[in-house]
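Listed here are the chains, written in short residue letters.
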Amino acid sequence: MKVIIRKNSAESSLWTAHYIAAKINEKAARTDEPFVIGLCTGSTPIETYAELIRMVKAGEVSFKNVISFNMDEYVGLPESHPESYHSFMHKYLFDHIDEPAGNIHILNGNAPDPVKECEDYEKAIVAAGGFDLFLGGIGEDGHIAFNEPFSSLESRTRVVTLTQDTREVNSRFFDNDPEKVPAQAMSVGVATVLSAKEVVIMAYGSKKARAIAAAIEGPMSHYCTVSALQAHPAGTIVCDEAAVGELKVNSYRYFKAVEAAEAK
Ligand code: PGA
């Protein structure tokens, strides 16, 4: 696992956007096959998406041959609701880039047959060729996608029940009322995320510091599902200084040393 540490979320987001764009361009230079990416919502990716939008407009990267799958969606919230992840993704990314509409995949949280919806999503990921890169944030409880504590590390896309903690954290988008946050979501599983050739996780702010320490220094555990990244051959966590505030000093120094050595 690599840990990239930048001063603040703005610098971390620039690093992440430029890294993703470089990966898309690298694949486009060698094959006509699409670049398949997993995408996330939340406050964390907004600055990364803003930089990707700027890069698309400046001709520095194109999403014309990118296929995306979002990691999750609330169950029962209308797609048109301003806080649905459909709305979020269009507002912060898709309405401003050149990704063809047919390449965009987001779970239908109102599907009449939720089990089939989740199974079909896994099949569509495989049919697209599997993920080149999965981009994610983390929850304060260490969740990756909506894989709350005690989710199987072998889980695949399914309907999940949100913890009270997550509903409270997300209530900032629902009139500060946790009861208004849908109780369930559809989410890719931990194993779905880990099926990607590469996983990039972003974590900013001191609220994420305990989860980051658990994910990096703790045991791999279903209690902190992002810790499963420890078993991935190409996992990167991009943090600002605040998010690494609970890491041991020696861990922090080591990750800085690795980055410095690789930059030479
Ligand atoms: P956030 O959410 O980016 O809004 O902090 C991340 C998450 O809950 O996974």
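Structure report, in brief.

Quick notes on the rules
- Residues numbered from 1 in each chain as written.
- Predicted model: local features only at pLDDT ≥ 70, side-chain atom pairs only at ≥ 80, totals over all residues.
- Heavy atoms only, no water.
- Buried < 20%, exposed > 50% of the residue type's maximum accessible area, 1.4 Å probe, protein only.
- Helix = DSSP H or I, 4+ residues; strand = E, 2+ residues; numbered from the N terminus.
- Pairing = 2+ DSSP bridges.
- Right-handed = clockwise from strand over helix to strand, strands pointing away.
- Axes fitted to C-alpha atoms, helices over the stretch in contact; angles between N-to-C directions.
- Parallel < 35°, antiparallel > 145°, perpendicular 65-115°, else oblique.
- Left-handed = near helix turned anticlockwise from the far one by under 90°.
- Contact = heavy atoms within 4.5 Å.
- Disulfide = S-S within 2.5 Å.
- Polar contact = N/O pair within 3.5 Å; in protein donor to acceptor, adjacent residues only side chain to side chain.
- Near = heavy atom within 4 Å.
- Areas by Shrake-Rupley, 256 points an atom, 1.4 Å probe, with all protein chains shown as cover.
- Nonpolar A, V, L, I, M, F, W, Y, C, P; charged D, E, K, R; others polar.

Description of the pairing of strand 10 (residues 235–240)
Counted residue by residue, strand 10 has 6 buried out of 6 residues, so it is predominantly covered. Taken together, the 5 bridges between strand 1 (residues 2–6) and strand 10 define a ladder with parallel strand orientation. Its bridge partner being in strand 10, Ile5 is matched across the sheet by Cys239. Across 5 bridges, the pairing between strand 9 (residues 199–203) and strand 10 is parallel. When the sheet's bridge partners are listed, Val200 is paired in strand 10 with Thr236. Between the parallel pair strand 9 and strand 10, the chain is carried across by helix 7 (residues 209–217), and the sense of this crossover is right-handed.

Observations regarding the sheet that holds strand 7 (residues 158–161)
Strand order in the open sheet formed by 3 strands is 4-8-7, and the pairing between neighbours is antiparallel. Here the strands that pair on one side only, and so sit at the sheet edges, are strand 4 (72–74) and strand 7. Ignoring strand direction, the axes of neighbouring strands in this sheet form an average angle of 30 degrees. The pairing of strand 7 with strand 8 (residues 184–187) spans 4 bridges and is classified as antiparallel. Among the inter-strand pairings, Val159 is bridged to a residue of strand 8, identified as Met186.

Examining the packing of helix 1 (residues 9–30) against helix 2 (residues 46–57)
As a packed pair, helix 1 and helix 2 sit with axes 8 Å apart at the nearest point and diverge in direction by 50 degrees. Accordingly, the angle class assigned to the pair helix 1 and helix 2 is oblique. As for the relative orientation of helix 1 and helix 2, their crossing is right-handed in sense. When helix 1 is examined against helix 2, the residues Ser9, Ala10, Ser13, Leu14, Thr16, Ala17, His18, Ile20 and Ala21 are found in contact with a partner set consisting of Glu47, Thr48, Glu51, Leu52, Arg54 and Met55.

Things to note about the state of the cysteines
For the structure on display, the rule yields 0 disulfides. Not part of a disulfide, Cys118 finds its nearest cysteine sulfur in Cys40, a span of 19 Å. With no disulfide of its own, Cys239 lies closest to Cys224 among cysteine sulfurs, the gap being 12 Å.

Topic: the side chain of Asn103
As for its position among the elements, Asn103 is in the loop between helix 3 (85–92) and strand 5 (104–105). Residue class for Asn103 comes out buried when judged on its relative accessible area of 17%. For Asn103, the side chain forms a polar contact with the main-chain oxygen of Val66, separated by 2.9 Å. With residues near it in sequence (within four places) discarded, Asn103 still touches Lys64, Val66, Ile67 and Ser68.

A look at the site of the ligand
Neighbouring the ligand are Gly42, Ser43, Thr44, Gly137, Ile138, Gly139, His143, Arg172 and Lys208. At 2.9 Å, a backbone N or O of Ser43 approaches an oxygen atom of the ligand. Lys208 places a side-chain nitrogen or oxygen 2.6 Å from an oxygen atom of the ligand. For the ligand, whose unbound accessible area comes to 280 Å², protein coverage reaches 82%. Per-class residue counts for the shell around the ligand are 1 nonpolar, 6 polar and 2 charged.

Here's the deal with the pairing of strand 2 (residues 35–39)
With respect to burial, strand 2 is a largely interior element, 5 of its 5 residues being buried. Every second residue of strand 2 is oriented toward a common face, with Phe35, Ile37 and Leu39 on one face and Val36 and Gly38 on the other, all of them buried. Strand direction decides the pairing type here: strand 2 and strand 3 (residues 66–70), joined by 5 bridges, are parallel. Residue pairing for strand 3: Val36 is matched across the bridge by Ile67. Handedness of the strand 2-helix 2-strand 3 crossover: right-handed. For strand 2 and strand 6 (residues 133–136), the ladder comprises 2 bridges, and the chain directions are parallel. Residue pairing across strands places Gly38 opposite Phe134, the latter belonging to strand 6.

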